[in-house]
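Structural description and commentary
Listed here are the chains, written in short residue letters.
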Amino acid sequence: MASAPQDFRFGNFVGSIVWLVFWILIIVTLIGLPLIFITLFYVPLPPVNGEVLTPYLFFSMMVDPSRTLPIIKFLIHTDIFRVAVFPGFSYAALIAAATIFIERKFLAKMQLRIGPLYAGKIEGILQLIADGLKLISKEIIIPSGADKPIFWATPIAFVATAAAVVALIPVAPGWVVANVNVGLIATFAFLGFFPLFALLFSWASNSKYPFIGGLRALHQMIAFEIPFILSALPVVILSGSLNLSDIGSAQHPFWFIFFLPISAFVFFISSLAELERIPFDLPEAESEIVAGWLTETSGMIYGLLQLGTYVKLYALAALFVILFLGGWTGPQIFPMELTPGYTGVKIYNAVTVNAAFWFTIKTLGVIMLMLLPRGINPRIRIDILLHTGWYKLIVLSFINIFIALGLVYGGILGPGGLLPG
Amino acid sequence: MTDFEQKVDETMKMGLQIVKETEEDRLMTLSVGPQHPGSGHFRFTVKVDGDYIVYCDPDPGYVHRGEEKMSEYRNFIQNIPHLERPVIHDSNNITYSYSLAVEELVNIEVPRRGQYIRALASELNRQVYTLYWLAIYGIFLGHSTMFMWPTGDRELFIDLLEALTGARVTHAFNIPGGVRNDIPEGFKDRCLRQIAYFEKRLVEYEDIFYNNPLFRQRTEGVGTLSKEDAIRLGVTGSVVRASGVPFDVRKVEPYDIYNEIDFKVQYMKSGDSFARSMVPFFDMRESCHIMRQLLDKMPPTGEVRTKLQPNPKGPAGESYKRVESGRGALGYYIISDGSPKPYRVKISVGSFRNMLALPFLLIGSKLGDMPSIYWSLNYWPVEADR
Amino acid sequence: MTNSSARDFIKAIESGSKHLVIKRFTLRYPEEKLKFVGDGYQFDPKKGVGIAGYRGRHILFHDKCTGCQLCAIACEGIAEAIGMVKVNEQWKHNKKAIMPQIDFGKCVFCGLCVDACPFYALYMTDDYELSAFTKEHLIYTPAQLAVKPKYDGDVTIKIDRRGADHG
């Protein structure tokens, strides 16, 4: 500390509070209120109780809580809610943020130490907010000779593609952002973009260590895409459809992991390799190639890439849950009616809440399982990695395809088989 | 041409080929420099052809502080605080060798209890250094748990050393004539309890790191140094013991009371990176046995230090003594001209000699093997630069 | 993968998961402080050997210091952190009325000045929390050195069946 701390003067304190109140008033009146009015004028709102919903009616309804329930119910079922809040981006980002924090604390406990401790009163809960603020406030340094358009565009494209994979995942029956009939293949198509982003970014960085890291990322991700797709094939064979919601609901007496354990194992290992997690984090191998293809990132670009990586972690864990662990099926533990005898507008739907609850629990369980190898294994070398990806995992996934075909043609599963569903 | 001239000719041709290929952009030059998470205070340049290293040039000298020259301006006792700084976390070994050399020059003898305490401090420091080395080896290979566990267990020994010497890392404990203070109360029980707990921890290290198939795949067969090459290059310490030569200064030229202690020299025959990382692990186990024997056999009472005049000086002469430190044979060669300040102090460290094996092993290996070869050579940059 | 490597993997996972129930080893510093055995490093000039203790800040006993400057001479070759200054006290054994002042910005806490003092006047204590806002505040005058610090750490390493921790 080079200088002594300043003394506290009450006049300065009051002055700063007055200044703050002044600015809040200016911003709310000049910008906030006009925005609210513009939204309410131009966004189409439903007629409620036979009257058109004007802004003045809207504000008068806010006074009486029982009259706002239809609006909330309407808003929950719009598309924007699904994209932004529930099975969409906010949910994924919240789970991603919780994953980062849990990962640090979980690894710390395994390593006999305390993780983040000082941010927030209870054992460092606000650490992520502190990290986010720190990353926003740092300067973004672009190396000279770097290809600026690609350098800026790639992290944004990375997060966008990860969010696109999240958009395909059904959380509860009927709650999916994009219900496409070829959902599984669309997921693989999106995942095929990630090696491209790694290569583009490393080439655009114009530096040696990212170059090596980008090539390693390319080799690794392409080598593991094939076992990834092959291990999802038996699931399609057993359930008969490519739509992720149908796969989820086709597992109701027995989950597919009981019939396809080898496939689940291969899928798990391939998803660890797609996510560049330890033991497969060669593209970011710290002690050999500084930080791999992320070397030249700084500030918010690094923040965006980390956010994209953890959203992708959630997406792949959710995919594992849907394909092998039964999606949202689980015993109904929520009561069908919260307050028996209520005859007004209902927002609570017990089936949906139950489905979302079980899905979240299972996804968090799979995420914890994906965090475990980080504390146990060292990094693998590139030739051993390629050997494993191209030889061993493809052979293992073929074994399970034959088992699945045998089960279907032997009449045990599938339509007309011994087991229902 | 004679054999030697033929070898020179071949080396020149290879060097010119490398220069030509670099200019054609076929080889890429990477500077694994001081600003690199995988190198420490040391720089080496490698030229890479795809994934294979074809040329390596170590570049030490970033931490040179002139320890040897500084020693000529201070008297024999004032030299201790700065001479322990080259390897500060193994400080009891680097001052042990100095004290032995000065005692020979000034012609004094250390009492027996002092010798036992010196050996105890030296063994404790050996554990501290080896655990730190193991921690960094883990993180170089990407195993963050293997970084945290040894660093945590090192606390057990640092705690003991702090009770014994008064400071956690900068001990300044050995001086010519003996050690500076006696063992405090309750030390022996504490020491035995913590050593017993540490031996249980070593079993955990074996489970999660040494028997981990991923670690074995990365280090077995990598950077093999045969027995003849090891002797020819002059490497020392755990590197030469991993290549099949059972050389340990404590057994070959026992100093102080090491001829009364019963222990086996740990060595392995394969000479690859895996052997070089297992030998310090066996050394740590052996060190626990040695510490137990030292605590048992120590004479219960006695002096720990010979009284010296404030500015000790001896007749003109020279002396050379060496000691087994965590990295190998560490020797001091001191020339005195009859005054209280030494005329010349030459420190011969194990790290500098192990550095010779680095280009020899790196050329021809893959880039992914670089961290495991480099750090398994037990190289501490600050000590090599003095 | 052969059978033995599958078994080794499972042992590694078992070892890692076992650590989820072992106690954490961290010392939570400002709330918990380490306990030191003894009273600080001291030296007995008659016997010529020191007494084990922690080497923290020095303590100067004004009723024993004679101003002989041996501590300053010892430190000249090491860190040049001790300088002698005039004090405003009259002592029978300190006719020159000079005492050492120590600059903790330069001191390396080696304790050789304590070894050099022949009058039992300079010892070291347990106090290691010496931060200051300016470099001038780090120079401790003889009056400041005479104050005995209050240090009450009480945490040691405890080993039991669930692991070792600082408690």
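1. Quick notes on the pairing of strand β7 (residues 329-336) of chain B
Residues and elements named next belong to chain B.
- Taking burial as the measure, the 8 residues of β7 include 6 buried ones, the bulk of the element.
- Judged from the 8 bridges that link them, strand β6 (residues 317-324) and β7 form a sheet pairing that is antiparallel. Counted as the bridge partner of glutamate 318 is isoleucine 335 from β7.
- Linking two consecutive strands that pair antiparallel, namely β6 and β7, is a turn of 4 residues; a positive phi of about 140° is found at glycine 328 within it.
- Bridge analysis of β7 against strand β8 (residues 344-348) gives 5 bridges, and the strand direction is antiparallel.

2. Points about the interface of chain A and chain B
- The partner chain B presents 32 residues to the 26 residues of chain A that form the contact.
- Summing the contributions of chain A and of chain B, the shared interface buries around 2500 Å²; its carbon and sulfur component is 58%.
- For the pair chain A and chain B, the number of links is 2 salt bridges.
- Viewed at the interface, chain B and chain A are joined by 12 residue pairs in polar contact (both at pLDDT 80 or more).
- Looking at the side of chain A that touches chain B, the elements with two or more residues in it are α10 (208-239), α13 (286-289) and α16 (382-409) of chain A.
- When residues in the side of chain A that touches chain B are grouped by element, the largest group, 5 residues, is from α10(A).
- By residue class, the composition of the side of chain A that touches chain B is 13 nonpolar, 4 polar and 9 charged.

3. Side note on the sheet that holds strand β2 (residues 43-49) of chain B
Residue and element names in this part refer to chain B.
- With respect to topology, 3 strands assemble into an open sheet ordered β1-β2-β3, the strand pairing being antiparallel. The open sheet has two edge strands, β1 (28-32) and β3 (52-59), and neither has a second partner. Averaged over all neighbouring strand pairs, the angle between strand axes comes to 20°, with direction disregarded.
- Both β1 and β2 contribute to a ladder of 5 bridges, which runs antiparallel. By the bridge assignment for β2, leucine 30 is matched with valine 46.

4. Topic: unusual backbone geometry
- Cis geometry is found at the peptide bond from Ile278(A) to Pro279(A), where omega equals 10°.
- Within the secondary structure layout, Pro279(A) lies in the loop between α12 (261-274) and α13.
- Despite not being glycine, Asn378(B) has its phi angle at roughly 60°, a positive value.
- Backbone geometry at Glu80(C) places phi at a positive 50°, although glycine is not the residue there.

5. Considering helix α5 (residues 112-140) of chain B
- Under the 1.5 Å per step criterion, the end-to-end length of α5(B) is 42 Å for 29 residues, consistent within 8% with the ideal 42 Å.
- With respect to burial, α5(B) is a largely interior element, 26 of its 29 residues being buried.

6. Quick word on the packing of aromatic side chains
- For the coordinates displayed, the defined rule picks out 51 aromatic pairs over all chains.
- Sitting above the plane of the Trp175(A) ring, Arg82(A) keeps its charged end 5.2 Å from the centroid.
- Of note, Lys251(B) hangs over the ring of Phe263(B), and the distance from its end group to the ring centre comes to 4.5 Å.

7. Section: the pattern of salt bridges
Residues and elements named next belong to chain B.
- Per the stated rule, a full pass over the model turns up 41 salt bridges over all chains.
- With a closest N to O distance of 3.1 Å, glutamate 199 and arginine 292 form a salt bridge. One end of the pair, glutamate 199, is in helix α7 (residues 187-210); the other, arginine 292, is in helix α12 (residues 273-297), and 93 residues separate them in sequence.
- With relative accessibility at 27%, the residue arginine 292 sits in the partly exposed group.
- Here arginine 322 ties to glutamate 253 by a salt bridge, and the two come within 3.0 Å at their closest N and O atoms. Taken together, the residues span a long stretch of sequence, with arginine 322 in strand β6 and glutamate 253 in the loop between α11 (249-252) and α12 at a distance of 69 residues.
- By relative accessible area, which is 37% here, glutamate 253 ends up partly exposed.

8. Quick look at the interface of chain B and chain C
- Chain B puts 39 residues into the contact, and the matching count from chain C is 40 residues.
- Roughly 3100 Å² is buried in total at the junction of chain B and chain C, and carbon and sulfur atoms are behind 55% of that figure.
- Looking at the side of chain B facing chain C, the largest losses of area belong to Gln78(B), Arg180(B) and Tyr197(B), adding up to 19% of the total buried there.
- Across the chain B-chain C interface, the total number found is 3 salt bridges.
- Of the charged contacts in the structure, one is a salt bridge between Asp115(C) and Arg180(B), with a shortest N-O distance of 3.0 Å.
- At the junction of chain B with chain C, the criterion picks out 17 residue pairs in polar contact (both at pLDDT 80 or more).

9. Some details on the sheet that holds β6(B)
Residue and element names in this part refer to chain B.
- The 3 strands lie next to each other as β6-β7-β8, forming an open sheet whose pairing is antiparallel. Of all strands in the sheet, those with a lone pairing partner are β6 and β8, marking the two edges. Direction aside, the axes of adjacent strands within the sheet are offset by 10° on average.
- The strands that helix α4 (residues 91-106) touches are β6 and β7; relative to β6, the one it contacts most, it runs at about 150°.

10. Let's talk about the environment of Val240(B)
All names here are of chain B.
- Along the chain, the position of valine 240 falls in helix α10 (residues 238-242).
- Its relative accessible area of 5% is what places valine 240 among the buried residues.
- Through-space distance from the C-alpha of valine 240 to that of cysteine 288 is 22 Å; in sequence the pair is 48 residues apart.

11. Some points on the confidence of the model for chain C
All names here are of chain C.
- For chain C, the mean per-residue pLDDT works out to 84, and 97% of the residues sit at or above 70.
- Within chain C, no element has a lower average pLDDT than strand β9 (residues 163-166), which sits at 76, and none a higher one than strand β5 (residues 98-103), at 90.
- In the predicted assembly, ipTM is 0.86 and pTM is 0.87.

12. What about the environment of Val323(B)?
Residues and elements named next belong to chain B.
- Its location among the elements puts valine 323 in strand β6.
- For valine 323 and isoleucine 94, which are 229 residues apart along the polypeptide, the C-alpha to C-alpha distance reads 8.2 Å.
- Sequence-distant contacts of valine 323, defined by excluding residues within four places in its chain, comprise Asn93, Tyr96, Ser97, Leu100, Val249, Tyr255, Gly328, Ala329 and Leu330.

13. Regarding the nonpolar core
- Among the nonpolar cores identified, the biggest contains 240 residues, and Phe359(A), Phe44(B) and Tyr332(B) are the most heavily contacted of them.
- Of the residues forming this core, the biggest block, 16 residues, is contributed by helix α14 (residues 300-324) of chain A.

14. Looking at the packing of helix α9 (residues 194-204) of chain A against α10(A)
Residues and elements named next belong to chain A.
- In the contact formed by α9 and α10, the axes pass within 8 Å of each other and the chain directions differ by 170°. The orientation of α9 relative to α10 falls into the category roughly antiparallel. Together, Phe194, Pro195, Ala198, Leu199, Ser202 and Trp203 of α9 and Pro210, Phe211, Gly214, Leu215, Ala217, Leu218, Met221, Ile222 and Glu225 of α10 make up the contact between the two elements.
- Across the contact of α9 with α10, the residue classes break down as 12 nonpolar, 2 polar and 1 charged.

What counts and what doesn't
- Residues numbered from 1 in each chain as written.
- Chains lettered and ligands numbered in written order.
- Predicted model: local features only at pLDDT ≥ 70, side-chain atom pairs only at ≥ 80, totals over all residues.
- Heavy atoms only, no water.
- Buried < 20%, exposed > 50% of the residue type's maximum accessible area, 1.4 Å probe, protein only.
- Helix = DSSP H or I, 4+ residues; strand = E, 2+ residues; numbered from the N terminus.
- Pairing = 2+ DSSP bridges.
- Contact = heavy atoms within 4.5 Å.
- Buried area = accessible area lost by both parts, 1.4 Å probe.
- Salt bridge = Lys/Arg side-chain N within 4 Å of Asp/Glu carboxyl O.
- Polar contact = N/O pair within 3.5 Å; in protein donor to acceptor, adjacent residues only side chain to side chain.
- Nonpolar A, V, L, I, M, F, W, Y, C, P; charged D, E, K, R; others polar.
- Axes fitted to C-alpha atoms, helices over the stretch in contact; angles between N-to-C directions.
- Expected span 1.5 Å × (residues − 1).
- Phe/Tyr/Trp six-rings, centres within 6.5 Å; stacked < 30°, edge-to-face > 60°.
- Lys NZ or Arg CZ within 6 Å of the ring centre and 35° of its normal.
- pLDDT = per-residue confidence, 0-100.
- Core = buried A, V, L, I, M, F, W, Y, C linked by side-chain atoms within 4.5 Å.
- Parallel < 35°, antiparallel > 145°, perpendicular 65-115°, else oblique.

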